There are 2 protein chains.
Amino acid sequence: MDQLLFWLVPAASVLALGFAWHFHRQMMKQSEGTPQMIKIAAAVRRGAMSYLKQQYKIVGWVFLGLVILFSVMAYGFDVQNHWVPIAFLTGGFFSGLSGFLGMKTATYASARTANAARQSLNGGLRIAFRSGAVMGLVVVGLGLLDISFWYLLLNAVIPADVLTPTHKLCVITTTMLTFGMGASTQALFARVGGGIYTKAADVGADLVGKVEAGIPEDDPRNPATIADNVGDNVGDVAGMGADLYESYCGSILATAALGAAAFIHSGDTTMQYKAVIAPMLIAAVGIILSIIGIFSVRTKENATMKDLLGALGFGTNLSSVLIVVATFLILWLLKLDNWMWISCSVVVGLLVGIVIGRSTEYYTSQSYKPTQRLSESGKTGPATVIISGIGLGMLSTAIPVIAVVVGIIASYLFASGFDFSNVGLGLYGIGIAAVGMLSTLGITLATDAYGPIADNAGGNAEMSGLGAEVRKRTDALDSLGNTTAATGKGFAIGSAALTGLALLASYVEEIRIGLTRLGTTEINVGGTTVPLQDATFFDFMHHYDVTLMNPKVLSGMFIGSMMAFLFCGLTMNAVGRAAAHMVDEVRRQFREIKGILTGETEPDYARCVAISTKGAQREMVVPSLIAIIAPILTGLIFGVPGVLGLLIGGLSSGFVLAIFMANSGGAWDNAKKYVEEGNFGGKGSEVHKATVVGDTVGDPFKDTSGPSLNILIKLMSMVAIVMAGLTVAWSVF
Amino acid sequence: MDQLLFWLVPAASVLALGFAWHFHRQMMKQSEGTPQMIKIAAAVRRGAMSYLKQQYKIVGWVFLGLVILFSVMAYGFDVQNHWVPIAFLTGGFFSGLSGFLGMKTATYASARTANAARQSLNGGLRIAFRSGAVMGLVVVGLGLLDISFWYLLLNAVIPADVLTPTHKLCVITTTMLTFGMGASTQALFARVGGGIYTKAADVGADLVGKVEAGIPEDDPRNPATIADNVGDNVGDVAGMGADLYESYCGSILATAALGAAAFIHSGDTTMQYKAVIAPMLIAAVGIILSIIGIFSVRTKENATMKDLLGALGFGTNLSSVLIVVATFLILWLLKLDNWMWISCSVVVGLLVGIVIGRSTEYYTSQSYKPTQRLSESGKTGPATVIISGIGLGMLSTAIPVIAVVVGIIASYLFASGFDFSNVGLGLYGIGIAAVGMLSTLGITLATDAYGPIADNAGGNAEMSGLGAEVRKRTDALDSLGNTTAATGKGFAIGSAALTGLALLASYVEEIRIGLTRLGTTEINVGGTTVPLQDATFFDFMHHYDVTLMNPKVLSGMFIGSMMAFLFCGLTMNAVGRAAAHMVDEVRRQFREIKGILTGETEPDYARCVAISTKGAQREMVVPSLIAIIAPILTGLIFGVPGVLGLLIGGLSSGFVLAIFMANSGGAWDNAKKYVEEGNFGGKGSEVHKATVVGDTVGDPFKDTSGPSLNILIKLMSMVAIVMAGLTVAWSVF
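Because the structure is predicted, anything quoted here is derived from the model rather than measured.

A. Expanded view of the overall build of chain A. On a plain count of helices and strands, chain A comes out with 21 helices and two strands. Taking 733 residues into account, the globule formula puts the C-alpha radius of gyration at 27 Å, and chain A, at 25 Å, falls close to it. Projected onto the principal axes, the alpha-carbon positions of chain A cover approximately 80 × 50 × 45 Å. When each of the 733 residues of chain A is scored for burial, the buried share is 71%. The contacts of chain A with a sequence gap of at least 6 include a subset with a gap of at least 24, amounting to 82%. Accessible surface, chain A as shown: approximately 21,500 Å² in total, 63% of it carbon and sulfur. Charge-centre separation for chain A: the mean point of 47 positive side chains lies 7 Å from the mean point of 49 negative side chains.

Given below as structure tokens:
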């Protein structure tokens, strides 16, 4: 029965990919509209694809370097599993592929969405949402495909008697974490590179176009407008796709590894197997429910905005409710020990995600007081907008942190049978809460990815001169996307915190394997020796003195906190620099190319695209490499306690910093929109100008630095896990 | 000999207060200048004093509440030492007194400085610097006075046989930490209240006066100008005085407590005594060397700016070099075990302070690339100034964090005899490094406090119409103060990180005392029981499982990180709100009172003073109370592991956040000055306007939220220490 149940995982994966293909084909059948629309869509597509190719080239070199390093470690020094280099590659490949396919679909869908919006709001919604669903389903489909493939392969090739029977699944699951690291590496480059690209173009286009020349957004006279639309695709679509592929796989893999570790002492291979496949099964069921949810998003013709929001909300809520029921069912079918309480942990994860999403909405939507007050602060100029926006973002960290803390404690207690000392199962509970949070990613990502498609459709409509009515419809779709995206972001950030914790535990498990490889058979725990294979988490903590009084732990924590800020500083500066180049170029074109502003001459779009591409590529390398190097270096200097300090310091600071930046940025964006809706003087007023400054500052906050932090947190953990063998073998202190 | 050496401590304290009195009298003998100058100085003094009275009233109520709480705990439930409530009061009183005396001197000195500057730059420097020295010496003098008093009193009243002979000094030193908590509480209110006051006035005055009306800074036509000058006194003088009193005492008390704890097992009361008084002796010698340094600041008549900088630098450097020599000497005289290496720990502390100061200077001074580039980013408007400034601040966290990490490891290894497992002495090394860093506070604070005096002198000169030449001289003095203040800030932030770590250890020590009070005689450490009096730090960590895998520790860390952001968010918003009221009032006066801008009518200064006062008082209560409540609540829910997580999470995030905010703010300030010096278009250009936005945003960063974080970090630890008895007796989990 259990073996049979596993086949649900590859089956769900194939199902997801099949529906993705179906939605893609459906979308392709629609008309792209007027020749002008086709031309613009093609230009955006060309720019996006050429950027992605360049990015993959650079990432390819980084991957080559890392694969060589891993190969030396695995084949040369034997401090690593032999499958590591290849697993690493497939993770990177599939993560990139998710972004690529999602983006390809998005660039074909935007003109079609605009064209459909010429008829009705509803038509536009359907195309945009179904195209977003392609991305959602590709991510979850490829994720489970990679997981199934490696699980089956490693099961076949790794001998049953590695050390003890329960060790086999530990080796399998920790090896699989390597492909998580590949996915994280790819995702970090995609998020950082894409984030820099899109915000350099956006900031550049806004600063000169909107503020100086006074032309509307997406106006074809603005030389940076194509680059801006390309940016939406490479940043908000391809970047997000790679990002969530990484989050999704990361949470499942970390939980599987914890499941394997929790039963390492008991010798109970059956229960161990169940604990390993449980997160995969929940994800598989989540796919099916996501597809049901996607199909339930139906609206009548001539639907109002409220109907649309209701339809999208119905789809995601339906999937969420069903997954709760399905989780209890599947874990009961699996006959997992303590299945009822572990199911409760899954529900806790879902609830935490929803609370974070709601809190994000409250702090960033113009329907609520905080953002309205932020708009009002524009009365006293841009400086007070910035001060208030930063204040708002910092305050907004309280609810998500409290939600996560309650979630950690609750999911830990449920899964551990209300016993704090049952660390293995407790942490498993935290991991499976993250899986629960992301289980319906298929549909939440669909509502998320549909945003940039609608945004691009608006751009296409504006540039093709489709008229105010169509633009109004695409704006409505876009604004709808902003609201649903808030929930999506909540899930991404929340799951990063929980997955980060689960990965800490996997790191400790990897230490055990590293020690085994070195021939160590027992460790010293406070004077007594404990056989390595029987050592608990607690024993490892005490053996390495990973307590808060160890200066190595404390040093690691300071470095971890600093890493979060340093990383954001690097990406913020990157956007600042790249945007400055863009501004110079746009100003130059307005100055030197006669007739742009009167609409007689076409600006040189390609040059702006090239500037963003070059800027993003140059600037993405340093922050990404730092994320890889920091845990290796910390490990070599401070050993295991230092690395754990680094990871937890980076996790706690990075999580809070990420919420702050995302919410400040979101609130600034919507505060500007609130003014544009006619409040405090409306468009063109001094208050509007002040809020535009806030919006511009918020761009890299919410779309470059903030979301990249989620990946940074996990990538540092994954690097630490993969490099654990080295850390164990050698460190200065 | 040892007993004799101790008397150096009260002697140095009296010496410091004597010289402070001398400098104050010298200053008072000078002329305050023209009747107009006298009138303005009196108005500022009146405003400052009336604010301080109001603040003390509110703080008085808070203290009353806390004293009642402590009394109930101490006399009612017996979970606390009986001296706690009174010690708490004296700390608060002396901290407030330091700020009050420093501010009183400053408000008398500003007009006299301006008047002396009418003759020569040198005359102005001498008065301003000597008046700053009053503050420096009052802080260190009162600090050591309070320490000596309590040390002698508790020595006399606590019986020698509390538990074991070595326990007496533990009880004494941890009780003395309570007066540290009193000082921290007072300091937090002073910093937050003063910070909100000064920045509300500053931002309000700038936004309407400089940006909208286009009149210069400190122009008498600006209704907020008196409030702005009052703000410099209540925020930058009184607030800083209370703050550094707290830092100074905190580092000495925490180190003394660690010294007592390090010898608790050995039973070696002689060495324990030596370890306790060593930090006090270093501080006492530091006072003497500070006075020597202050006297060495001499300049010839007609000194250039460079001469002045050289003179100030010579004074502080001389004190620093002498303290290195004196430390080796005094610890050798004391015959402290391992005196040579412990002296090295002191030197490490000094070096870390200097590195942080230099790094601050590099990132925030317009003489270096980062700030110059920040000015240049103004070419593309205010948004890029904000993005680049935030990027700069975040990047600037790297060097200080690395310096502190190297400092932690080095001072720990030196003091512990290069043995990581010798936790007691290792942490003592970290503590004594903080003492070393602050040992010459007498003179570093003098160079720091002289800045706002010079600033106010400039204001007085401008409002009294003393002419461009005098204003130029006071500007030169002011700008000199900005440079020296960078070093001062480095010491304040760096010492907070090290003291924070030392306080963690004191917390654990207090847990032992709390358990003793409950009648516990042994604790369980991994299956074996250890007598409570013999338990090491390591044992406590394992007994309470304060490891990085404990969800209570992890939850505490998330909350700690969040606390730092929440606190900053509250204070940022407070400044935003108070400044908005100020802007409204200034605009109203310009609109309603005819003849202000032509200089015919005098604006209603008093009303602006009242607005800042009211705003600061209303807004300071919530953030300050949260800092006190968070550790209590965390302790009641998550117990000891949760509290330790909270403290270390708050420390690591808060430290990095404080550096980021201080440096971003400082760089924005100087980027504006760099433009005003004639670069990128100079005053009145678009670039200038953009950098003014940066400067305004930076005001609460560097003068409200950033510096308050240093206190927050320590206050949370102190509250935890004082409340340890309660946490041990009862918690939910």
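B. Highlighting the interface of chain A and chain B. Each partner contributes residues to the interface: chain A has 78 residues there, and chain B has 78 residues. Carbon and sulfur atoms supply 85% of the area that chain A and chain B bury against each other, a total of about 6,900 Å² over both sides. When the buried surface of chain A facing chain B is broken down by residue, A:Met549, A:Phe558 and A:Phe565 rank first, second and third, together holding 13% of it. Here chain A and chain B share zero salt bridges between them. Counting the contacts that link chain A with chain B gives eight residue pairs in polar contact (both at pLDDT 80 or more). A per-element tally of the side of chain A that touches chain B places helix H18 (residues 551-592) of chain A first, with 20 residues. A per-class count over the side of chain A that touches chain B returns 58 nonpolar, 16 polar and four charged.

C. Fine view of the pairing of strand E2 (residues 528-531) of chain B. All names here are of chain B. Bridge count between strand E1 (residues 522-525) and E2: four bridges; the pairing is antiparallel. Bridged to Asn524 within E2 is Thr529. The hairpin turn running from E1 into E2, its antiparallel successor, is two residues long, and Gly526 in that turn takes a positive phi close to 55 degrees.

D. Just the relation of the copies chain A and chain B, in detail. After a rotation of 180 degrees and a shift along the axis of 0.0 Å, chain A superposes on chain B with an RMSD of 0.0 Å. Within this description, the copies of the chain are treated as partners about a two-fold rotation axis. Across chain A, the smallest distance between a C-alpha and the rotation axis is recorded for A:Thr547, namely 2.2 Å.

E. Fine view of the packing of aromatic side chains. Residue and element names in this part refer to chain B. Within the structure shown, the criterion is met by 49 aromatic pairs over all chains. A ring pair is formed by Trp341 and Phe418, whose centres lie 5.1 Å apart and whose planes are at 90 degrees; its orientation type is edge-to-face. Residue Trp341 is located in helix H10 (residues 339-364), and its partner Phe418 is located in the loop between helix H13 (398-415) and helix H14 (423-438); the two are separated by 77 residues in the primary sequence. Judged by its relative accessible area of 34%, Trp341 falls in the partly exposed class. Under the relative-accessibility criterion, Phe418 is labelled partly exposed at 48%. With a centroid separation of 5.3 Å and 80 degrees between ring planes, the pair formed by Trp668 and Phe701 is classed as edge-to-face. Here Phe701 lies in helix H20 (residues 686-722) and Trp668 lies in helix H19 (residues 605-676), a separation of 33 residues in the sequence.

F. Structural view of the pattern of salt bridges. Evaluated as defined, the whole model comprises 54 salt bridges over all chains. Between B:Lys199 and B:Asp202 there is a salt bridge; the shortest N-O distance is 3.0 Å. Taken together, the positions of B:Lys199 and B:Asp202, both in helix H6 (residues 165-213) and three residues apart, correspond to about one turn of that helix. Here B:Lys199 falls in the buried class, since its relative accessible area comes to 3%. One network of salt bridges, with partners in common, ties together A:Lys199, A:Asp202, A:Asp669, A:Lys673, A:Asp699, A:Lys702 and A:Asp703.

G. Here's a closer look at empty space enclosed by the protein. On inspection of all chains with the given rule, the structure shows 14 cavities of 30 Å³ or more. In this structure, the largest cavity occupies an estimated 100 Å³ of space. Looking at the largest cavity, the residues that line it are B:Gln80, B:Asn81, B:Val84, B:Val171, B:Thr174, B:Thr175, B:Thr178, B:Glu510, B:Ile513, B:Arg517, B:Ile721 and B:Val722. Among the elements of the structure, H6, helix H16 (468-517) and H20 of chain B are those that each provide at least two residues to the lining of the largest cavity. Ranked by residues supplied to the lining of the largest cavity, first place goes to H6(B) with four residues. In terms of residue class, the lining of the largest cavity is made up of five nonpolar, five polar and two charged. As a volume, the second largest cavity reaches approximately 90 Å³. In terms of lining, the second largest cavity is formed by A:Gln80, A:Asn81, A:Val84, A:Val171, A:Thr174, A:Thr175, A:Thr178, A:Glu510, A:Ile513, A:Arg517, A:Ile721 and A:Val722. Taken together, the elements giving at least two residues each to the lining of the second largest cavity come down to helix H6 (165-213), helix H16 (468-517) and helix H20 (686-722) of chain A.

H. The arrangement of the side chain of B:Asp539 in detail. Among the structural elements, B:Asp539 can be located in helix H17 (residues 537-543). Among all residues touching B:Asp539, those that are not within four sequence positions of it are B:Ile523, B:Val525, B:Val530 and B:Asp534.

I. Broad picture of H18(A). All names here are of chain A. Its 42 residues give H18 an end-to-end C-alpha distance of 60 Å, which sits within 8% of 62 Å, the value for a rise of 1.5 Å per residue. Judged by how many residues are buried, H18 sits mostly within the fold: 35 of 42 residues are covered. One side-chain oxygen of the residue at the start of H18 lies 2.9 Å from the amide nitrogen of Lys552, identifying that residue as Asn550.

J. Quick peek at a nonpolar patch on the surface. Residues and elements named next belong to chain A. On the surface, Leu625, Ile629, Leu633, Ile637, Trp730, Val732 and Phe733 cluster together into a nonpolar patch covering about 630 Å² of accessible area. The residue Leu633 is located in helix H19 (residues 605-676) in this model. Residue Leu633 is classed as partly exposed on the basis of its relative accessible area of 47%.

Scoring rules and cut-offs
- Residues numbered from 1 in each chain as written.
- Chains lettered and ligands numbered in written order.
- Predicted model: local features only at pLDDT ≥ 70, side-chain atom pairs only at ≥ 80, totals over all residues.
- Heavy atoms only, no water.
- Helix = DSSP H or I, 4+ residues; strand = E, 2+ residues; numbered from the N terminus.
- Rg over C-alpha atoms; globule rule 2.2 N^0.38 Å.
- Buried < 20%, exposed > 50% of the residue type's maximum accessible area, 1.4 Å probe, protein only.
- Contact = heavy atoms within 4.5 Å.
- Areas by Shrake-Rupley, 256 points an atom, 1.4 Å probe, with all protein chains shown as cover.
- Lys, Arg positive; Asp, Glu negative; His and termini not counted.
- Charge placed at Lys NZ, Arg CZ, Asp CG, Glu CD.
- Buried area = accessible area lost by both parts, 1.4 Å probe.
- Salt bridge = Lys/Arg side-chain N within 4 Å of Asp/Glu carboxyl O.
- Polar contact = N/O pair within 3.5 Å; in protein donor to acceptor, adjacent residues only side chain to side chain.
- Nonpolar A, V, L, I, M, F, W, Y, C, P; charged D, E, K, R; others polar.
- Pairing = 2+ DSSP bridges.
- Least-squares fit on C-alpha atoms with pLDDT ≥ 70 in both.
- Phe/Tyr/Trp six-rings, centres within 6.5 Å; stacked < 30°, edge-to-face > 60°.
- 1 Å grid on protein atoms, 1.4 Å probe; cavity = no way out; pocket = protein on both sides within 12 Å on 5 of 7 lines; lining within 4 Å.
- Points joined across faces, edges and corners; volume = space filled by probe spheres on them.
- Expected span 1.5 Å × (residues − 1).
- Patch = residues over 30% accessible without salt bridge, like charges linked within 9 Å, V, L, I, M, F, W, Y side chains within 5 Å.

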